[in-house]
Amino acid sequence: MTELHHGSNVQGLQTTATFDPITDEFIINTPNDGAIKWWIGNAAVHGKIASVFAKLILPTHDSKGVSDMGVHAFIVPIRDLKTHQTLPGIEIHDCGHKVGLNGVDNGALRFHSVRIPRENLLNRFGDVSRDGKYTSSLPTINKRFAATLGELVGGRVGLAYSSVSVLKLAATIAIRYSLLRQQFGPPKQPEVSILDYQSQQHKLMPMLASTYAFHFATVHLVEKYAEMKKSHDEQLVADVHALSAGLKAYVTSYTAKSLSICREACGGHGYAAVNRFGILRNDHDIFQTFEGDNTVLLQQVAGDLLKQYKEKFQGGTFMVTWNYLKESMNTYLSQPNPVTARWESADHLRDPKFQLDAFRYRTSRLLQSVAVRLRKHSKTLGSFGAWNRCLNHLLTLAESHIESVILAKFIEAVESCPDASSRAALKLVCDLYALDRIWKDIGTYRNVDYVAPNKAKAIHKLTEYLSFQVRNIATELVDAFDLPDQVTRAPIAMKSDAYAQYTQYVGF
């Protein structure tokens, strides 16, 4: 799919597949250097057959001469199945050394008038008959394109889930080492674990809480995806598309930042290649780009929210499953209660209803305000110019919405946990996740008087206390990830004899 000049804008790709009615073949062609297929997995060394995305061009009898039917996928052999030799008309090159994932064989492909049978068109969403007539069950190029790209959802689901696994691994290494490593302490007293320092707790405990939150959210996403693949329900397809885009973008961005924090939290030993942070960081970094660039995916989430907002407040069918927008957005958009804005007891701040209301209020307010801004700017700048003028606002809206979904799934997981002691531990972690996120965006809540000054201070104080409480069960929380030593592999993350294994590695 990806070309040298076109990545995210797949509809703009330039490779062509022109139908030849005389020979009943498609002619695959790369018209210029910008259209060379780039970053193609398995292409440089191993691949024998490619699924090639190209503009389907049909000859016509009118003045135009040809008709562009939009992007379609074609099966194109690139190497001989027996000899593995590159087939005529095809150029293959390696994309070169990368920052990470160099075990993946990425190649570049150029097509010089390569002919393939008409049957090699992947024709689920559009077909060409022997006499060159085009048929499709979908009425427009845009709808066909959207249906074709809908198959990318599975990749986004996988990336979101995999990114959580990387975060679990990094958090496990950093937290186990932080419990093992001792440094400084009171005069004439034993040194203390570096995880006993508030600064280390501040770095790692909210991250651990987020890891748990992402776990439950991505498990929910996988379940919804499996349900979608069975039912093919249109509304479920739309919901999974938006949720997978948002979670993939949000989780992979968070994990990428967290890997650097974990490395730093482990000091010099975090810099040793054997302790994994470098390779994890380099291999994971591309998660933010492939299967959809994160900034582009967040815009898709924002666009989906705006569509639902428009349907709710301007009439028309309202077919959404984001229940808080559908059922009670007016409640969240109402003026904050001056009494509850001042409540600062721990019971109130740890109440899931307060936490979820705060997240949803922020999202609803962002959605309403960006809708107003877009309407205003579109009058002078047009729709594209207005979108660009409000782009940072739109990205913040999408992230806020995804955080609301993540928290809702975490709260559901806590409430459905059958074991009382496990439920209490999860509740502690969930509260830390929620209040840490509120504190990190406290300016937004203060600007609209949703949280009074004293309540803001209480949130900050409670967040630090919860970090300390989570630190006390950190061993159990990372052990619950159940990562075997052969997966963790970092010497500083071993449950016992960490230093012995570390020194053995370097040859002592």
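The rules behind each value
- Residues numbered from 1 in each chain as written.
- Predicted model: local features only at pLDDT ≥ 70, side-chain atom pairs only at ≥ 80, totals over all residues.
- Heavy atoms only, no water.
- Salt bridge = Lys/Arg side-chain N within 4 Å of Asp/Glu carboxyl O.
- Helix = DSSP H or I, 4+ residues; strand = E, 2+ residues; numbered from the N terminus.
- Pairing = 2+ DSSP bridges.
- Axes fitted to C-alpha atoms, helices over the stretch in contact; angles between N-to-C directions.
- Contact = heavy atoms within 4.5 Å.
- Polar contact = N/O pair within 3.5 Å; in protein donor to acceptor, adjacent residues only side chain to side chain.
- 1 Å grid on protein atoms, 1.4 Å probe; cavity = no way out; pocket = protein on both sides within 12 Å on 5 of 7 lines; lining within 4 Å.
- Points joined across faces, edges and corners; volume = space filled by probe spheres on them.
- Nonpolar A, V, L, I, M, F, W, Y, C, P; charged D, E, K, R; others polar.
- Domains from an automatic or database assignment.

(A) Quick look at the pattern of salt bridges. Per the counting criterion, the structure on display carries 20 salt bridges. One salt bridge connects R437 with E403, and the closest N-O pair in it is separated by 3.1 Å. Pair noted here: R437 is in helix α11 (residues 420-440) and E403 is in helix α10 (residues 391-416), with a separation of 34 residues, a long-range link. Among the charged side chains, a salt-bridge network with shared partners connects D24, R118, E119 and R130.

(B) Structural context of the sheet that holds strand β5 (residues 66-77). Strands sit in the order β5-β4-β1-β2-β8 across an open sheet of five strands; the sheet is mixed. Looking at which strands have only one partner, the edges of the open sheet turn out to be β5 and β8 (114-117). Between one strand and the next, the sheet's axes are offset by a mean angle of 35°, whatever the strand orientation. With five bridges connecting them, strand β1 (residues 16-20) and strand β2 (residues 25-29) associate as antiparallel partners. Across the sheet, residue F19 finds its bridge partner in β2, namely F26. Each of β4 (49-59) and β5 is contacted by helix α1 (residues 141-149), which is oriented at about 20° to β5, the strand it contacts most.

(C) Representation of the sheet that holds strand β7 (residues 106-111) in the model. The strand order across the open sheet built from three strands is β3-β7-β6, with neighbouring strands paired in antiparallel fashion. Bordering the open sheet on either side are β3 (37-41) and β6 (90-94), each of which pairs with just one other strand. Between one strand axis and the next, the sheet turns through 35° on average, direction left out of account. Examined bridge by bridge, β6 and β7 share five bridges and lie antiparallel to one another. Considered in β7, the bridge of D94 is made with G107.

(D) Looking closely at the environment of H6. Position of H6 relative to the elements: it lies in the segment before β1. Spatially, the C-alpha atoms of H6 and P139 are 25 Å apart, while their sequence positions differ by 133 residues. Here H6 is in contact with G12, L13 and Q14, once residues within four sequence places are set aside. A polar contact of 3.1 Å, which involves the side chain of H6, links it to the backbone oxygen of G12.

(E) Inspection of the layout of surface pockets at higher detail. Taken as a whole, the second largest pocket holds about 450 Å³ of empty space. If you list the elements that add at least two residues to the lining of the second largest pocket, you get α3 (198-231), α4 (234-265), α6 (294-313), α10 and α11. Sort the elements by how many residues they give to the lining of the second largest pocket and α4 lands first, with seven residues. Residue composition of the lining of the second largest pocket, by class: eight nonpolar, six polar and six charged.

(F) Spatial organisation of the domain arrangement of the chain. If you check the domain split of the chain, you get domain 1 (16-124) and domain 2 (151-316 + 352-479). In this structure, domain 1 and domain 2 have C-alpha centres spaced 39 Å apart. Facing the four residues of domain 1 at the interface are five residues of domain 2. For the pair domain 1 and domain 2, the interface holds zero salt bridges. Counting every contact that joins domain 1 to domain 2 gives one residue pair in polar contact (both at pLDDT 80 or more). Among the residues forming the side of domain 1 that touches domain 2, the class breakdown is two nonpolar, one polar and one charged.

(G) View of the side chain of H220. In this fold, H220 is placed in helix α3. Once residues within four sequence positions are removed from consideration, H220 is found in contact with L243 and K409.

(H) A look at the pairing of β2. What sits between β1 and β2 in their antiparallel hairpin is a turn of four residues, with D24 showing a positive phi close to 60°. Of the pairings in the sheet, the one linking β2 to β8 comprises four bridges and is antiparallel in character. If you follow I28 over to β8, its bridge partner there is V114.

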